Amino acid sequence: MHELGVVIEVIKTVENFARKNQLTKIDTLVLQIGELSSMIPRYIQVCYPVAVDGTLLQNTKLEIEILPGNAICKDCNKVFNLIENKNQCPNCGSKDREILCGKEFMIKEIIACE
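In this report, the structure presented in the accompanying data block is examined. (Residues numbered from 1 in each chain as written. Predicted model: local features only at pLDDT ≥ 70, side-chain atom pairs only at ≥ 80, totals over all residues. Heavy atoms only, no water.)

### Some remarks on the sheet that holds strand β6 (residues 105-112)
For step 1, the next point in the chain: Spatial ordering of the open sheet is given by β2-β1-β6, a layout of three strands whose pairing is mixed. Each edge of the sheet is formed by a strand with only one pairing partner; in this case those strands are β2 (61-67) and β6. The mean angle between the axes of side-by-side strands here comes to 20°, regardless of whether they run parallel or antiparallel.
For step 2, the next point in the chain: Across seven bridges, the pairing between strand β1 (residues 26-34) and β2 is parallel. In the sheet register, Gln32 faces β2, and the bridge partner there is Glu65.
For step 3, the next point in the chain: Along the sheet face, helix α2 (residues 41-52) touches β1, β2 and β6 and points at about 170° away from the line of β2. (Pairing = 2+ DSSP bridges. Helix = DSSP H or I, 4+ residues; strand = E, 2+ residues; numbered from the N terminus. Axes fitted to C-alpha atoms, helices over the stretch in contact; angles between N-to-C directions. Contact = heavy atoms within 4.5 Å.)

Here's what the structure looks like:
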C-alpha cells in the first residue's frame, strides 16, 4: 500500500505550508484524486489518522473529491468516462481515445481554523 507514503509526503507539504503562512491549526484538508490515478481513496482515508498522529494535522478532517476519468474519442470527438464505458466510446464503439483527466492527485484546499 503506497498510499501511506504518499499521505506522509502530503502531511509534510501541508506542515511546511502552515509554517510559512504562520498557521497554527488546520481544520480541514481537501484532496482531489482522479479515478484513473494509482491512489485508492478508501486506503487514503484508512491510513490518514495514523499518518497525522502527532503532527500539526492531528485533529484535521480529511475530505476527498473524486475527479472523473474522462477521455475524448479520436474517431468521433465524443467526451466520455472511461470507467463507466469500459474504455470504449459509447457513441461509436472505438477504443482509440485520448485521456483528458482523471490521473490527478493534488491538495485542493487547506482550511485553517480561526
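### What about the environment of Glu84?
For step 1, the next point in the chain: Mapped onto the secondary structure, Glu84 falls in the loop between β4 (79-81) and β5 (97-101).
For step 2, the next point in the chain: Using a relative accessible area of 65% as the deciding quantity, one classes Glu84 as exposed.
For step 3, the next point in the chain: Considered as a pair, Glu84 and Pro68 are 16 residues apart in the sequence and their alpha carbons are 9.8 Å apart. (Buried < 20%, exposed > 50% of the residue type's maximum accessible area, 1.4 Å probe, protein only.)

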